[in-house]
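Close look at the chain arrangement
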Amino acid sequence: MTPHETELTLQSALRGEQTSYRRLFEEYSGGVYTTVVRLTGKTEVAEELTQDVFLRAFNALQSFDSQRGTFYTWIQRIAYNTAISYLRQKKPPEAETIDLELDRLDEPPPEYLHESFSEKDESKIERLMRAIESLPTTEQHLLTLYYFEERSLQEIGYIIGISTAALSSRLSRIRKKLYHKLSA
């Protein structure tokens with residue numbers, strides 16, 4: 001959905017058109033679910049919390065301000081806060097690897113991957129991924145937003161509720177942590 005389409009959909013949702021709510025859910029629920037499952041580590045909890053996120057968002061839709069950010073960043077902030085609230089109420093499980101698509105691991109990688117990476121490169125990537133997985137889930141989430149989803153510091157700062165300077169500092173500390181883990 002383009003930003004203009006999102007704006008039109010939001011306006012019609014504010015007028016009470018149910019199809020607009022459904023369209024917003026269909027467009028943004030995948031990203032919300034991914035955020036929540038990444039933070040909580042539990043798919044069944046993520047499904048429930050994703051619904052909670054949209055209930056909260058739809059109940060507060062009139063408070064959305066497009067001058068402060070996009071609908072994506074707004075709903076991601078609600079998702080982040082909902083997941084963090086859940087984690088504060090429940091003791092988080094021991095750190096574990098979350099594999100959302102285990103079935104795909106059995107499939108051979110595409111041919112172009114064999115050409116692009118040597119075994120040495122693959123080993124480095126595996127070490128990096130293990131190091132990232134050993135970080136707390138909130139730090140993994142920040143790395144994912146910044147490096148894999150290529151979100152700006154402003155967007156991420158808005159999502160998690162901190163300034164861009166504080167976020168930059170936090171990302172720097174996380175990179176140093178990864179460096180030390182990989183150097184050991």
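Cut-off values and rules
Residues numbered from 1 in each chain as written. Predicted model: local features only at pLDDT ≥ 70, side-chain atom pairs only at ≥ 80, totals over all residues. Heavy atoms only, no water. Axes fitted to C-alpha atoms, helices over the stretch in contact; angles between N-to-C directions. Helix = DSSP H or I, 4+ residues; strand = E, 2+ residues; numbered from the N terminus. Parallel < 35°, antiparallel > 145°, perpendicular 65-115°, else oblique. Left-handed = near helix turned anticlockwise from the far one by under 90°. Contact = heavy atoms within 4.5 Å. Nonpolar A, V, L, I, M, F, W, Y, C, P; charged D, E, K, R; others polar. Core = buried A, V, L, I, M, F, W, Y, C linked by side-chain atoms within 4.5 Å. Buried < 20%, exposed > 50% of the residue type's maximum accessible area, 1.4 Å probe, protein only. Expected span 1.5 Å × (residues − 1). pLDDT = per-residue confidence, 0-100. Patch = residues over 30% accessible without salt bridge, like charges linked within 9 Å, V, L, I, M, F, W, Y side chains within 5 Å. Areas by Shrake-Rupley, 256 points an atom, 1.4 Å probe, with all protein chains shown as cover. Salt bridge = Lys/Arg side-chain N within 4 Å of Asp/Glu carboxyl O. Arc of directions from axis to C-beta. Phe/Tyr/Trp six-rings, centres within 6.5 Å; stacked < 30°, edge-to-face > 60°. Lys NZ or Arg CZ within 6 Å of the ring centre and 35° of its normal. Polar contact = N/O pair within 3.5 Å; in protein donor to acceptor, adjacent residues only side chain to side chain.

Overview of the packing of helix α1 (residues 3–14) against helix α2 (residues 18–40)
- α2 packs onto α1 with a crossing angle of 140 degrees between their chain directions and a minimal axis gap of 8 Å. Regarding the angle of α1 to α2, the classification is oblique. With respect to the hand of their crossing, α1 and α2 are arranged in left-handed fashion. Where α1 abuts α2, its residues E5, T6, T9, L10, S12 and A13 lie against S20, Y21, R23, L24 and Y28.
- Within the contact of α1 with α2, the residues separate by chemical class into five nonpolar, four polar and two charged.

A short note on the nonpolar core
- Of all hydrophobic cores here, the largest spans 43 residues; its most connected members are F71, W74 and I75.
- Looking at this core, the elements that each hand over two or more residues are α1, α2, α3 (43–59), α4 (71–89), α7 (119–133), α8 (137–148), α9 (153–160) and α10 (164–183).
- Looking at which element gives the most residues to this core, the answer is α4, with eleven residues.
- Beyond its immediate stretch of four places on either side in the chain, F71 contacts T6, L10, L24, Y28, L61 and F64.

Notes on α4
- Look at α4: 27 Å from first C-alpha to last across 19 residues, which is about the 27 Å you get at 1.5 Å a residue.
- In terms of burial, α4 is largely enclosed, as 14 of its 19 residues are buried.

Considerations on the confidence of the model for the chain
- Mean pLDDT over the chain stands at 81; residues scoring 70 or higher make up 83%.
- The secondary-structure element of the chain with the lowest mean pLDDT is helix α5 (residues 102–105), recorded at 38, while α3 shows the highest, at 93.
- Low confidence marks residues 92–117, where pLDDT is under 50. Its contacts with residues over four positions away, or in another chain, come to 15 contacts.

Quick look at a nonpolar patch on the surface
- Judged by side-chain polarity, I125, L128, M129, Y147 and F148 come together as a nonpolar surface patch covering roughly 440 Å² of accessible area.
- Where the nonpolar patch is concerned, the elements lending two or more residues are α7 and α8.
- Here the nonpolar patch takes three residues from α7, the largest share from any one element.
- As for its placement among the helices and strands, M129 is situated in helix α7.

Some points on α10
- Here α10 is 20 residues long and its end C-alpha atoms lie 28 Å apart, about the 28 Å a rise of 1.5 Å per residue gives.
- Among all positions of α10, only L167, L171, I174 and L178 are buried. The arc that holds the buried residues of α10, viewed along the axis, is 60 degrees, so those residues lie on one side. Exposed residues on α10 whose side chains face more than 90 degrees from its buried face are A165, K176, Y179 and H180.

Some points on the packing of aromatic side chains
- In total, this model carries eight aromatic pairs according to the counting rule given.
- Aromatic rings pair up to connect Y21, F25, F54 and F58 into one cluster.
- The ring centre of Y158 lies 5.0 Å from the NZ or CZ of R77, which sits over that ring.
- The ring of Y72 is capped by R151, whose NZ or CZ atom sits 3.7 Å from the centre of that ring.

Quick look at the pattern of salt bridges
- One pass over the full model with this rule turns up five salt bridges.
- Across the salt bridge formed by E155 and R151, the nearest N and O atoms sit 3.4 Å from each other.
- Through salt bridges with shared partners, a single network forms among R38, E149, R151 and E155.

Some thoughts on the side chain of T82
- If you trace the backbone, T82 turns up in helix α4.
- Judged by its relative accessible area of 3%, T82 is buried.
- Within polar-contact distance, the side chain of T82 engages the side chain of R56 at 3.0 Å.

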